[in-house]
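Next come the chains, spelled out residue by residue.
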Amino acid sequence: MWPRLSGWLTTLGVVVLVAACGTGDDGNTSENFAGTVDIGGGRNIYLECAGTGTPTVVFVSGLRFGADQWTTTADPASTSAFDGVAEFTRVCSYDRPGVVLGGDALSRSDPVPQPITTADAVADLQSLLGAADEVGSGPYVLAAHSYGGQIARLFAGTHPDEVAGLVLIDAQSEELQTLLPPEQFQEFLRLNTPQQDSLDEYPDLERVDFVRSFDEIRAAEPIRPQPLVVLSADRSVAPQIAEGIANGSLPADIDPGYGPALDAVQPKAQEDLAQLVPGATHVTNTNSGHNINIEQPQLVIDGVRDVVDAVRDGRTQP
């Protein structure tokens, strides 16, 4: 994701779930769950699940965001993406190591050495799905925001039998590396790397080697034909960056050309994502900034429903 502006996340909250699980008539786990799952190697990952039905939807959060990203809405009267999807199928979300939750809370998953690559995040997700009975059986629908979209795509390319459909929510594209002018791509890398004061406070903070990760995406097998919905932000990034500089949540020395450069290339990068498989749905009229799942959660709910319905009908297009 691009810089995480603190003002976007002032309404963060976590749904309270009961740490219990059961099985529905279709063999799919049906009760609410919130707790850690032993994935082996002495590590635990935090997982939340609710709802019943197949396919199970797994939410994959953006860079340094936790499971609470999917229970958060900008409008308290809105239904969150997590709660909305739980009304028609099983849904789960999880904390990657090193993420930041609302307020001063940190990841509920065990830390790992940083930085990581996307392949590391894919391996963790694979281990979690294999270890957690609460998720239910696959194949799964992966609904992913920002950097999480990179994880979902690489997972689909490396574990094709476990993915039935995708929803990419203003997902990050490796094409930013080639579309942005070199100096602006370096600014992208700088702004997505935590400052030293943040690392001093939280040494295990999630950090990603984007150059290696983009290479991993390019080397992966193409995604199989499957239902895909792409949701793209339609609000300019440049004013949000200016606001972040003004309120102190972003460095004051950001290259003034970075925001306009990102705005110029993002439509092409998003359209490339919509071309990953034949017949994908691309929603560009979202009335939202980058965090569509927080600002316009109903769009995410609708997109997930379209993919879930297609999977249930045996269709490869939503």
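Our subject is the structure that appears above.
In this report, we go over the structure that sits alongside the text.

The rules behind each value
- Residues numbered from 1 in each chain as written.
- Predicted model: local features only at pLDDT ≥ 70, side-chain atom pairs only at ≥ 80, totals over all residues.
- Heavy atoms only, no water.
- Patch = residues over 30% accessible without salt bridge, like charges linked within 9 Å, V, L, I, M, F, W, Y side chains within 5 Å.
- Areas by Shrake-Rupley, 256 points an atom, 1.4 Å probe, with all protein chains shown as cover.
- Salt bridge = Lys/Arg side-chain N within 4 Å of Asp/Glu carboxyl O.
- Lys, Arg positive; Asp, Glu negative; His and termini not counted.
- Charge placed at Lys NZ, Arg CZ, Asp CG, Glu CD.
- Helix = DSSP H or I, 4+ residues; strand = E, 2+ residues; numbered from the N terminus.
- 1 Å grid on protein atoms, 1.4 Å probe; cavity = no way out; pocket = protein on both sides within 12 Å on 5 of 7 lines; lining within 4 Å.
- Points joined across faces, edges and corners; volume = space filled by probe spheres on them.
- Nonpolar A, V, L, I, M, F, W, Y, C, P; charged D, E, K, R; others polar.
- Buried < 20%, exposed > 50% of the residue type's maximum accessible area, 1.4 Å probe, protein only.
- Pairing = 2+ DSSP bridges.

1. Comments concerning a negative patch on the surface
No. 1: There is a patch of like negative charges on the surface, built from Asp 104, Asp 197, Asp 200 and Glu 201.
No. 2: Positionally, Glu 201 belongs in helix H6 (residues 196-201).

2. Comments concerning the layout of surface pockets
No. 1: In this structure, the second largest pocket encloses a volume near 200 Å³.
No. 2: Surrounding the second largest pocket, 16 residues form its lining, Ala 233, Asp 234, Arg 235, Gln 266 and Pro 267 being those nearest its centre.
No. 3: Of the residues forming the lining of the second largest pocket, the biggest block, 4 residues, is contributed by helix H9 (residues 258-274).
No. 4: Grouping the amino acids of the lining of the second largest pocket by side-chain chemistry returns 4 nonpolar, 8 polar and 4 charged.

3. Observations concerning the pairing of strand S2 (residues 43-50)
No. 1: Counted residue by residue, S2 has 7 buried out of 8 residues, so it is predominantly covered.
No. 2: Bridge count for strand S1 (residues 33-40) against S2 is 7 bridges, and the pairing is antiparallel. Within S2, the position partnered with Ala 34 by the bridge is Glu 48.
No. 3: Where S1 hands over to S2, the hairpin turn is made up of 2 residues, of which Gly 41 adopts a positive phi near 65°.
No. 4: Both S2 and strand S4 (residues 91-94) contribute to a ladder of 4 bridges, which runs antiparallel.

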